Amino acid sequence: MKELIDNNHSLKDVIFEVAEIADYLWQRGWAERNAGNISVNITGLIGEHLSNMDPFPSFELPQPYSELAGEYFFVSGTGKRMRDLAREPLQNALIIRIDDKGSRYHILSRDEGHISGFKPTSELPTHLGIHRMIILRDSKEKVVIHTHANELVALTQIEKFCNEESLNKLLWGMHPETMVFIPEGVGFVPYVTPGTEQIAEATLKALENHHVVLWEKHGVFAIGSTAFDTFDLIDILGKSAKIFFLARSSGYEPQGLTEEQLEVLKELSANF
Ligand code: 13P
Ligand code: ZN
């Protein structure tokens, strides 16, 4: 891994950015124990591509990802803590390369004794599925963040908000910036066991028209061009949910923005 990173300032910047975001997730209280994971497609930042993958350990993927053949990812390790990723990103994340067939991944960080044996996040099927979708539709996102954002998860414990329509009506209504920055709203994925192909499939479907999806009773998945942009989306939505709970816990029913006010904000968003 060291050879890949040394003198590669763009890659170093991306890794430091991920570390900074990992710290925000921890500071927000969204990252208990090993909660959450982050992946970044770093293929465009790899200067000299490695020609011989044989020295690096490889593992079979649960399904082939032929569109990801030869792609490189910086991805958090399973069981790793966000607060540790923040301090020591290279010891709590991996650089992996998908093999030429798209059916296995190589861990390129094997030679670093202290991180050998680490595996990528258990949510790898969802992360890779999303990166494949981004490549197939040729859009510019590079970063995928999963976190357990408290107020957003709390909303998905309330049955009446477990659908996209009422969820978005509520979130848009709590703060003008939510409509301005997230006019397409959030997608909603009904509860599925984490780490499975099924949750990956449901998430991909919900992400077709959104940048953020909520996993019922679990967390958030968001995509963006940079780690900062991706975090901002979750932060804005989290703020709306927090305002809702603040108003409710002080004994009042929040009014929400009116349809007319939201329409104006939507127009504003289109010209932003
Ligand atoms: P990992 O430690 O495998 O990344 O899992 C954390 C998590 O949030 C699972 O949904
Ligand atoms: Zn999770």
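Shown above is the structure to which this text applies.
Asker: For the overall build of the protein chain, give the residues involved together with the corresponding values.
Answerer: What the protein chain contains, in helices and strands, is 11 helices and 9 strands. For the protein chain, the C-alpha atoms occupy an extent of roughly 60 × 35 × 35 Å along the three principal directions. A buried classification covers 51% of the 272 residues belonging to the protein chain. Long-range contacts, defined as pairs at least 24 residues apart, comprise 74% of the intrachain contacts of the protein chain with a sequence gap of at least 6. Between the mean site of the 25 positive side-chain charges and the mean site of the 39 negative ones, the protein chain shows a separation of 5 Å.

Asker: Can you explain helix α10 (residues 227–249)? Please cite residues and give values.
Answerer: Taking 1.5 Å as the rise per residue, α10 with 23 residues should run 33 Å; its terminal C-alpha atoms sit 32 Å apart, in good agreement. Every buried residue belonging to α10 is among Ala-227, Thr-230, Phe-231, Leu-233, Ile-234, Ile-236, Leu-237, Gly-238, Ser-240, Ala-241, Phe-244 and Ala-247, and all of these are buried.

Asker: Can you lay out helix α2 (residues 9–27) for me, pointing to particular residues and giving the numbers?
Answerer: Along an α-helix, a turn takes 3.6 residues, which lines up residues three or four apart on a common side. Across its 19 residues, α2 extends 27 Å between first and last C-alpha, which sits within 8% of the 27 Å expected from 1.5 Å per residue. Where α2 is concerned, the buried positions are Leu-11, Val-14, Ile-15, Glu-17, Val-18, Ala-19, Ile-21, Ala-22 and Leu-25. One or two residues past the end of α2 sits Gly-29, with phi positive at roughly 80 degrees.

Asker: So what's going on with the pattern of salt bridges? Which residues, and what values?
Answerer: A complete count under the given rule lists 8 salt bridges for this structure. Measuring nitrogen to oxygen at the nearest pair gives 3.9 Å for the salt bridge that ties Glu-67 to Arg-132. On the criterion of sequence distance, the pair formed by Glu-67 in the loop between β2 (58–60) and β3 (72–76) and Arg-132 in helix α5 (residues 124–137) is long-range, its members being 65 residues apart. Look at Glu-67 and you get partly exposed, because its relative accessible area is 31%. Judged by relative accessible area, Arg-132 falls into the buried class, the value being 16%. Glu-216 is the salt-bridge partner of Lys-217, the closest N and O atoms lying 2.4 Å from each other. Accessibility expressed as a relative area gives 12% for Glu-216, which makes it buried.

Asker: Break down the coordination of the zinc ion (ligand 2) for me, citing the residues and quoting the values.
Answerer: The protein atoms donating to the zinc ion (ligand 2) are His-146 (NE2), His-148 (NE2) and His-218 (NE2), with metal-donor distances spanning 2.0 to 2.1 Å. Sequence spacing among the residues donating to the zinc ion (ligand 2) works out to H-x1-H-x69-H. Taken individually, His-146 and His-148 each receive the classification buried, so the pair is uniform in this respect.

Asker: I'd like a description of the site of ligand 1, backed by residues and values.
Answerer: Around ligand 1, the surrounding shell consists of Asn-34, Ala-35, Gly-36, Asn-37, Thr-78, Gly-79, Thr-121, Ser-122, Glu-123, His-146, His-148 and His-218. Here an oxygen atom of ligand 1 sits 2.7 Å away from a polar atom, N or O, in the side chain of Thr-121. A distance of 2.6 Å is found between an oxygen atom of ligand 1 and a side-chain nitrogen or oxygen belonging to Ser-122. The protein chains hide 92% of the 310 Å² of surface that ligand 1 would expose on its own.

Asker: Explain the environment of Val-220 to me, using residue names and the numbers behind them.
Answerer: Along the chain, the position of Val-220 falls in strand β9 (residues 219–224). Looking at Val-220, the relative accessible area reads 0%, which means it is buried. In this structure Val-220 touches Ile-145, His-146, Thr-147, Ala-149, Leu-152, Val-212, Val-213, Leu-214 and Ile-234, once residues within four positions along its chain are discounted.

Asker: I'd like to hear about the nonpolar core, residue by residue, with values.
Answerer: If you look at the biggest cluster of nonpolar residues, it comprises 50 residues, and the most contacted ones within it are Leu-25, Ile-38, Ile-42, Ile-95 and Leu-152. Element by element, the count of residues in this core is highest for α10, at 8 residues.

Asker: Describe in detail the packing of aromatic side chains, supporting the description with residues and values.
Answerer: Aromatic ring pairs are described here by two measures, namely the spacing of the ring centres and the angle between the planes. In the structure shown here, the tally under the stated rule is 7 aromatic pairs. With centroids separated by 4.7 Å and ring planes inclined at 40 degrees, the aromatic side chains of Trp-215 and Phe-221 adopt a geometry described as tilted. On the basis of relative accessibility, which here comes to 0%, the residue Phe-221 falls in the buried class. Between Phe-244 and Phe-245, the aromatic rings sit 5.1 Å apart at their centres with planes inclined by 70 degrees, giving edge-to-face as the arrangement. Following the ring pairs from residue to residue traces out a cluster consisting of Tyr-24, Trp-30 and Phe-231. In this arrangement the basic side chain of Arg-83 is found over the ring face of Trp-26, its NZ or CZ atom lying 4.7 Å from the centre.

Parameters at a glance
Residues numbered from 1 in each chain as written. Chains lettered and ligands numbered in written order. Predicted model: local features only at pLDDT ≥ 70, side-chain atom pairs only at ≥ 80, totals over all residues. Heavy atoms only, no water. Helix = DSSP H or I, 4+ residues; strand = E, 2+ residues; numbered from the N terminus. Buried < 20%, exposed > 50% of the residue type's maximum accessible area, 1.4 Å probe, protein only. Contact = heavy atoms within 4.5 Å. Lys, Arg positive; Asp, Glu negative; His and termini not counted. Charge placed at Lys NZ, Arg CZ, Asp CG, Glu CD. Expected span 1.5 Å × (residues − 1). Salt bridge = Lys/Arg side-chain N within 4 Å of Asp/Glu carboxyl O. Donors = N, O, S within 2.8 Å, 3.2 Å for Na, K, Ca; no water. Near = heavy atom within 4 Å. Polar contact = N/O pair within 3.5 Å; in protein donor to acceptor, adjacent residues only side chain to side chain. Areas by Shrake-Rupley, 256 points an atom, 1.4 Å probe, with all protein chains shown as cover. Core = buried A, V, L, I, M, F, W, Y, C linked by side-chain atoms within 4.5 Å. Phe/Tyr/Trp six-rings, centres within 6.5 Å; stacked < 30°, edge-to-face > 60°. Lys NZ or Arg CZ within 6 Å of the ring centre and 35° of its normal.

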